[in-house]
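Coordinate analysis (summary)
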Amino acid sequence: MFPVSDSLPSTIAQLRAAASPVSDFRVLPFGLDQIDGRLGAGGLRAGALHEAAALTASLVDDAAATLFLAGIAAREAQASGGPVLWASCRTDLYAPGLAQAGLPADSVIYAQPRDDAALLAVVEDAVRDGTPSAIVAEASKVSMVATRRLQLVAGEADIPVLLLRRRKGREQDPLAEPSAAWTRWRVGSAQSERLAVQGVGRPRWSVELARQRGGEPFSLIVEGSDETGRLAVPAALGHRAAETAGTVRHAAA
């Protein structure tokens, strides 16, 4: 006979916690009314799984999605004082770029597992250990069961798990696959402001919230993460920034 009764109360408690209103949990705000005002609790649920994917297979969109998650992790690290764990099976992470988004090298612990299965195990162990203030993981093969496990452990530990969903093919949309993530984002590059003098201005991103629990999807144009991990609304767009990116064009999984 299987010991179902021993594990049942714990399982029910976990499911109830995952289904509780987001306002019952610690919130990690972006600091922008144009985003926080459209999220269910005025910001991201801190202890949760959040996913992002590049809008297209281009390198500039991939960089935008990476730095978008880096900025979130940087703000949480600054608030809690702990390191950020960055787990990836790839070797193309550009540390100076992370530093420009608020994550200097001495604030990041890097892990390079052999494959996505090992990576997800490393992430789950790190969440249970509780050392990182936030975890960023890059993976292309993530099952619905795996996202449920990450969502549960993130909620129990009150640690944000930020999953960068990599493409399996150029035309494949990573967010077309089902997930238990609290929010799912698509991020791509957008045209930067033309400067009056020669030089490179602050990058702009097209940010699309494809799905969130307890709220509606939306899209907007923002200026990319600065050295503190914070986004900004382009001054020329002001409060109409949310409309400049148009309507959400993808079906949320």
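Residues numbered from 1 in each chain as written. Predicted model: local features only at pLDDT ≥ 70, side-chain atom pairs only at ≥ 80, totals over all residues. Heavy atoms only, no water.

Digging into the packing of aromatic side chains
This model, assessed by the stated rule, comprises 4 aromatic pairs. Centre to centre, the rings of Phe 68 and Trp 185 are 5.3 Å apart; their planes meet at 50°, and the pair counts as tilted. Residue Phe 68 is found in helix α3 (residues 59-80), and its partner Trp 185 is found in strand β8 (residues 183-190); the two are separated by 117 residues along the sequence. Taken as a pair, Phe 68 and Trp 185 share a single burial class, namely buried. An aromatic cluster is present here, built from Phe 30, Phe 68, Trp 185 and Phe 218 joined pairwise through their rings. Taking the ring centre of Trp 182 as reference, the NZ or CZ of Arg 45 above it sits at 4.6 Å. (Phe/Tyr/Trp six-rings, centres within 6.5 Å; stacked < 30°, edge-to-face > 60°. Helix = DSSP H or I, 4+ residues; strand = E, 2+ residues; numbered from the N terminus. Buried < 20%, exposed > 50% of the residue type's maximum accessible area, 1.4 Å probe, protein only. Lys NZ or Arg CZ within 6 Å of the ring centre and 35° of its normal.)

Regarding the pattern of salt bridges
A full pass over the atoms with the stated rule returns 14 salt bridges. The salt bridge involving Glu 51 is made with Arg 165; its shortest N-O contact spans 2.9 Å. In this pair, Glu 51 sits in strand β3 (residues 49-54) while Arg 165 sits in strand β7 (residues 161-165), placing the two residues 114 residues apart along the sequence. Among the residues examined, Glu 51 registers a relative accessible area of 0% and is labelled buried. Classification of Arg 165 as buried rests on a relative accessible area of 2%. A salt bridge links Glu 177 to Lys 168, with the shortest nitrogen-to-oxygen separation between them at 2.9 Å. Here Glu 177 falls in the buried class, since its relative accessible area comes to 18%. With relative accessibility at 51%, the residue Lys 168 sits in the exposed group. (Salt bridge = Lys/Arg side-chain N within 4 Å of Asp/Glu carboxyl O.)

Side note on the packing of helix α5 (residues 116-129) against helix α6 (residues 144-157)
At a closest axis distance of 9 Å, the pairing of α5 and α6 adopts a crossing angle of 15°. On the basis of their axis angle, the class for α5 and α6 is roughly parallel. Note on packing geometry: the crossing formed by α5 with α6 is left-handed. Within the contact between the two elements, α5 uses Leu 120, Val 123, Glu 124, Val 127 and Arg 128 and α6 uses Ala 146, Arg 149, Leu 150, Val 153, Ala 154, Glu 156 and Ala 157. Residues that form the contact of α5 with α6 fall into these classes: 8 nonpolar, no polar and 4 charged. (Axes fitted to C-alpha atoms, helices over the stretch in contact; angles between N-to-C directions. Parallel < 35°, antiparallel > 145°, perpendicular 65-115°, else oblique. Left-handed = near helix turned anticlockwise from the far one by under 90°. Contact = heavy atoms within 4.5 Å. Nonpolar A, V, L, I, M, F, W, Y, C, P; charged D, E, K, R; others polar.)

Observations regarding α6
Taking 1.5 Å per residue as the helical rise, α6 with its 14 residues ought to reach 20 Å, and the 20 Å between its terminal C-alpha atoms agrees with that figure. Among the residues of α6, Ala 146, Thr 147, Leu 150, Gln 151, Val 153 and Ala 154 are the ones counted as buried. Looking at the buried residues of α6, the elements they touch are β2 (44-45), β3, α5 and β7. A positive backbone phi angle near 60° is found at Asp 158, which sits one or two residues after α6. (Expected span 1.5 Å × (residues − 1).)

Focus: the pairing of strand β6 (residues 134-139)
When you tally the buried positions in β6, you get 6 out of 6 residues, the bulk of the element. Of the two faces of β6, the one lined by Ala 134, Val 136 and Glu 138 and the one lined by Ile 135, Ala 137 and Ala 139 are each fully buried. Pairing of strand β4 (residues 84-87) with β6 involves 4 bridges; the strand directions are parallel. Its bridge partner lying in β6, Trp 86 is registered against Val 136. Note that the unit made of β6, α6 and β7 has a crossover that is right-handed. (Pairing = 2+ DSSP bridges. Right-handed = clockwise from strand over helix to strand, strands pointing away.)

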